[in-house]
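Descriptive structure summary
So you can see what is in the structure, the chains are spelled out below.
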Amino acid sequence: MTVADPRRQPPAGPKLSLSTVGAIVVALAIGGLFQEVRWRGGFSGVVPSPIESSVQQLKLGKLAFANGNDAVALNLFEHLAVENNAAAQYWLAHMSELGLGVPKDIPKAISLYEKAATQNSIPAQARLGEIYLNGDLTPPDYAKAFDLLGNAARQGNPRAAML
């Protein structure tokens, strides 16, 4: 009797069955949302086609991030962040702050949080306000923290209201 190597087991976390993933990919491919791209060296992959809306790309990025596919999430978030999508800027800042799929880069994270916050992204306002309040990632700025947390709290963010 052979024992399965535990290193070959799928990681713990959100799980999708192979049939569910297959059905999603087939549905998206039929809908023309993806196109196959081939890179030098024989690698090929599936990326969003230009006709896909930014809302769909953002949903796919969040799904990829939630399932631990940081490379796909990064690709989608970077593309949308360049187009000034506040939600993508927030998620890219989150990845940069924590070093998820990218090298940890606090100045880049703060810059992205600021871009998203100026576009009224409530999560970005709350996180940036928390950063300025705590002063552990950047020198504290209580006036900025108060403004950012106040804006996020008035829009219903409970953590910002607590802070």
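A short tour of the structure in this document, coming up.

Criteria and thresholds
- Numbers given to residues run from 1 along each chain, matching the order in which its sequence is written.
- Given that this is a predicted model, residues contribute local features only at a pLDDT of at least 70 and side-chain atom pairs are listed and counted only at 80 or more, while totals for whole chains, interfaces and linings are drawn from all residues.
- Each side-chain value is derived from all of the structure's non-hydrogen atoms; neither hydrogens nor water enter the calculation.
- Strands here mean DSSP runs of E at least two residues long; helices mean DSSP runs of H or I at least four residues long; both are numbered from the N terminus.
- Here, expected helix span is obtained from the residue count minus one, scaled by 1.5 Å.
- Only centres within 6.5 Å qualify two rings of Phe, Tyr or Trp (six-membered ring in Trp) as a pair; their planes then separate them into stacked at under 30 degrees, edge-to-face at over 60, and tilted for everything else.
- Any residue under 20% of the maximum accessible area for its type is buried, any over 50% is exposed, and the rest in between are partly exposed; the area is computed with a 1.4 Å probe on protein chains only.

Quick reminder: α-helices carry 3.6 residues per turn. Residues three or four places apart thus point the same way. Relative to the 18 Å expected for 13 residues at 1.5 Å per residue, helix α2 (residues 54-66) spans 18 Å between its end C-alpha atoms, a close match to the ideal helical length. Positive phi appears at Gly68, one or two residues downstream of α2, with a value of about 80 degrees.

With that settled, the discussion passes to the packing of aromatic side chains. Applying the stated criterion to the full structure yields four aromatic pairs. Seen from their ring centres, Phe65 and Trp91 are 5.4 Å apart, and the 55 degrees between their planes marks the pair as tilted. Of this pair, Phe65 sits in helix α2 while Trp91 sits in helix α4 (residues 86-98), and the two are 26 residues apart along the sequence. Note on Phe65: relative accessible area 17%, which makes it buried. Between Tyr90 and Trp91 the ring centres are 5.3 Å apart and the planes differ by 80 degrees, which places this aromatic pair in the edge-to-face class. We classify Tyr90 as buried; its relative accessible area is 15%. By the ring-pair criterion, three or more aromatic residues cluster together here, those being Phe65, Phe77, Tyr90, Trp91 and Tyr113.

On their own, these measurements won't tell you what the molecule is for.
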